[in-house]
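Remarks on the overall topology
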Amino acid sequence: MKSSLRTLQILEYIDSRQRAVTIAELSASLAFPQSSTSTIVQSMINAGYLVVDHDSRGILPSSRVAALGNWVEPSVSRADVRSLMVAVGERTSQTILLGVPSDLCVRYIDVIPGRHAMRLDIPVGSRLPLMEAGMGRLLLSEMPDQTVEELWQQTKRRVKDEGAQGIRPSDVSNLWNANPFVSPLPEIMEELKQIRRTGFAISLGRISLGAGIVCVAMPRGPLEQPIGLGIGGLSELISRDAQQILSVVRDAASELGIALKMRSGTTRTSEQEKTRRLRK
């Protein structure tokens, strides 16, 4: 099972970089042992899913990978998603992230670094706890309640048995890693209802020290996995500018013809986060 997940993570990492990568880079960026990374890469080359780029000494996906999923028509093209990320990044100067569910974590598959002096620094491939991260709550809101409950039960069990490493989040989840917790299911479900009503999620200083994020779900077809756009930065800046950020996202998406689920609303989610932190 672990090798299968790592195989997919390798493909997604190369896709996020859109260039040839080395085994050393894969090992460092994905926190895999270099020996097992080499073994998996060689197996993928032997099976025809990766090819060696002799000019750069890196590896690239083969045409066999490019053909996978062609029968699923994406609601929004990757080019349009990237254009939206660039536009929002230019207008906010904050870090822009693209997140997807990965086992019991959120995994960031694309990142545009912010331009503020004190910016949020999250590498591509970073993993945060799905149940507790702001992006995680957004992605959960795109899933059926039964699926959410099953994921909650799995998270609860793994955290109880193994602590933070039960779900293997990255070091950027420093606050949560130091004190792993799983919120009560009714509390999570209540927040998911609110996210479904408004179309966005906000989290402040809950998972990473001093970090906040505004998240919006990207349109998707019935066969596509949930994917979220995040605007991250210092908690105080995200709290102060949340409504402005949401307006920027709405305007940029409209210009690109991307139909978001966002509705006008308040930043009540951020206030809930502050209250919840005070209780802990």
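Below is a short write-up of the structure. (Residues numbered from 1 in each chain as written. Predicted model: local features only at pLDDT ≥ 70, side-chain atom pairs only at ≥ 80, totals over all residues. Heavy atoms only, no water.)

Some thoughts on unusual backbone geometry
A positive phi is found at serine 93, a non-glycine position, where the angle reads about 65°. Mapped onto the elements, serine 93 comes out in the loop between helix H5 (78-92) and strand S3 (95-102). Owing to a relative accessible area of 18%, serine 93 belongs among the buried residues under this scheme. Despite not being glycine, aspartate 103 has its phi angle at roughly 60°, a positive value. Structurally, the position occupied by aspartate 103 is in the loop between S3 and strand S4 (105-112). (Helix = DSSP H or I, 4+ residues; strand = E, 2+ residues; numbered from the N terminus. Buried < 20%, exposed > 50% of the residue type's maximum accessible area, 1.4 Å probe, protein only.)

Quick notes on the nonpolar core
The biggest cluster of nonpolar side chains holds 53 residues, and the ones touching the most others in it are Ile10, Leu26, Tyr108 and Leu140. At the level of secondary structure, the elements contributing two or more residues to this core comprise helix H1 (2-17), helix H2 (23-30), helix H3 (34-46), S4, helix H6 (134-140), helix H7 (145-162), helix H9 (185-198) and strand S7 (211-217). The biggest single contributor to this core is H9, with five residues. Once you skip the residues sitting within four places of it in the chain, leucine 26 turns out to touch Ile10, Tyr13, Ile14, Val21, Ala31, Thr37, Val41 and Ile59. Grouped together as the second largest cluster of nonpolar side chains are 30 residues, Val81, Met218, Ile227 and Ile258 included. (Core = buried A, V, L, I, M, F, W, Y, C linked by side-chain atoms within 4.5 Å. Contact = heavy atoms within 4.5 Å.)

So, H3
Helical periodicity: at 3.6 residues per turn, an α-helix aligns residues three or four positions apart in one direction. Taking 1.5 Å per residue, 13 residues should reach 18 Å; H3 reaches 18 Å between its end C-alpha atoms and fits that length. The complete set of buried residues in H3 reads Thr37, Ile40, Val41 and Met44. End-on, the buried residues of H3 take up no more than an arc of 100°, which puts them together on one face. For H3, the exposed residues lying more than 90 degrees away from the buried face are Ser35, Thr39 and Asn46. Buried residues belonging to H3 abut H1, H2, strand S1 (50-53) and strand S2 (58-61). In the stretch just after H3, glycine 48 is the one whose phi turns positive, near 90°. (Expected span 1.5 Å × (residues − 1). Arc of directions from axis to C-beta.)

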